[in-house]
Amino acid sequence: MASLTGTHRLTSAKRIVIKIGSALLVDHDTGALRRDWLTALAADVAQARGRGQDVAIVSSGAIALGRRRLGILSRQRLEDKQASAAVGQIALAHAWQEALAAHGLICGQILVTLDATENRRQYLNARTTLDTLFHLGAVPVINENDTVATAEIRYGDNDRLAARVAQMISADCLVLLSDVDGLYTADPTSEPDAEFMPEIGHLDDRIMAMAGVSRSGMGVGGMTTKLQAAQIAVGAGCNMVIADGRVLNPLGRIADGARCTWFRAQATPRTARKQWIASALKPNGSLTIDEGAVRALRRGRSLLPAGVRGIEGDFDRGDAVWVRDGSGKVLARGLSAYSSVNARRIAGHKSDEIEALLGYRGRDEMIHRDDMVLERMEEEQPT
């Protein structure tokens, strides 16, 4: 029953992130790309796209590919890894492009750093780019930008990066393809009696203590980082699965009920995002709207610039703001698609006037409905 449920979580997901480790993509002994494996995975991705699913790929392998080409075979310094990444990224991008093109799919390369997922402006820019790629039918291939990151400001593993990407794009399924088939109560290579865990509903201290270390020699993400990724993913309303990626067509096998460990989210990505907006963000300003906009919000619609009559405070794009009616009552809080400076320029105007007013075409909405939480009629209103 658990495998059927897991199958449904994968095949019914609207947006999937797939994380691939170096040991799966690159042969440890030769440093060569495992083309047969990549070809089979590309077929899996094409099948998911055929189901109407958005797919993003977080792919390791650049350093592993580049270091062999540069003849760096011994233990690498940071600068050696950065040089290897610079060479390997070209080979990695071309490999993905070729594999996906065989199925009529376009891929786009995105290199991110830790800053890009923690700096608000870079986060929003990355999210917008990814959303646009999905809208245009492309498959983003993402990796950490090892050529410019330093040891102090990098993830160092793609498990947590993949979870942050899943959080960023509101994915509802994160697939971590690994050299193990899931989570055990202990390391099964040293403890044969270790129990396999097919499904995790709650990540408590007992589960976190089951983590082991990487044995592949190529990847740096052991079970500890996978469980940390699970904490991020399920907290964002995204189901996560750890599955054996060494086989051909690993996604197809998961869909067919192959053994794997599912981490079950307790909410949907949309619900989790709304909860985050409602509780974790302090508004930096407020928008006062007219009666027409009030009625639109109550019908579940977005807030358009035409309905905004006043703006208070200084805020940047993506900051939280209060939404008030003409009497000052708080109706909602949401993430503004525009800074306070630009919001003042377009307030009261129709969306098709935005480009003429700002010199670029931004979003039609001042606050999109997915970025807004309507307030219940609270007795105590913020001042």
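Residues numbered from 1 in each chain as written. Predicted model: local features only at pLDDT ≥ 70, side-chain atom pairs only at ≥ 80, totals over all residues. Heavy atoms only, no water.

A. Representation of the overall build of the chain within the structure. Secondary structure summary: the chain contains 15 helices and 15 strands in total. Once the C-alpha set of the chain is aligned to its principal axes, its extents read approximately 70 × 45 × 40 Å. Expressed as a percentage of its 383 residues, the buried residues of the chain come to 51%. Taking all contacts inside the chain whose residues are at least 6 apart in sequence as the whole, residues at least 24 apart take part in 72%. (Helix = DSSP H or I, 4+ residues; strand = E, 2+ residues; numbered from the N terminus. Buried < 20%, exposed > 50% of the residue type's maximum accessible area, 1.4 Å probe, protein only. Contact = heavy atoms within 4.5 Å.)

B. Quick look at the packing of helix H4 (residues 62–70) against helix H5 (residues 78–101). In the contact formed by H4 and H5, the axes pass within 6 Å of each other and the chain directions differ by 105 degrees. The angle between H4 and H5 falls in the class roughly perpendicular. Of the residues in H5, those in contact with Ala 62, Ile 63, Leu 65, Gly 66, Arg 67, Arg 69 and Leu 70 of H4 are Lys 81, Ala 83, Ser 84, Ala 85, Val 87, Gly 88, Gln 89, Ala 91 and Leu 92. Looking at side-chain class alone, the contact of H4 with H5 contains 9 nonpolar, 4 polar and 3 charged residues. (Axes fitted to C-alpha atoms, helices over the stretch in contact; angles between N-to-C directions. Parallel < 35°, antiparallel > 145°, perpendicular 65-115°, else oblique. Nonpolar A, V, L, I, M, F, W, Y, C, P; charged D, E, K, R; others polar.)

C. Layout of the pairing of strand S13 (residues 320–324). Of all 5 residues in S13, 5 are buried; the element is thus mostly enclosed. Residues of S13 alternate between two faces, with Ala 320, Trp 322 and Arg 324 on one and Val 321 and Val 323 on the opposite face, all of them buried. Of the strand pairs in this sheet, strand S11 (residues 285–289) and S13 are connected by 3 bridges, and their pairing is parallel. Residue pairing for S13: Thr 288 is matched across the bridge by Arg 324. As paired elements, S13 and strand S14 (residues 330–335) share 5 bridges and run antiparallel to each other. Looking at the pairing, Ala 320 lines up with Leu 335 of S14. Where S13 folds back on S14, the antiparallel hairpin that results is connected by 5 residues, among which Gly 328 adopts a positive phi of roughly 95 degrees. (Pairing = 2+ DSSP bridges.)

D. Region of the structure containing the sheet that holds strand S4 (residues 139–144). With respect to topology, 8 strands assemble into an open sheet ordered S3-S4-S2-S1-S5-S9-S10-S8, the strand pairing being mixed. Bordering the open sheet on either side are strand S3 (107–112) and strand S8 (199–200), each of which pairs with just one other strand. Set on the sheet, H5 makes contact with strand S1 (15–20), strand S2 (54–59), S3 and S4; between it and S3 the angle comes to about 150 degrees.

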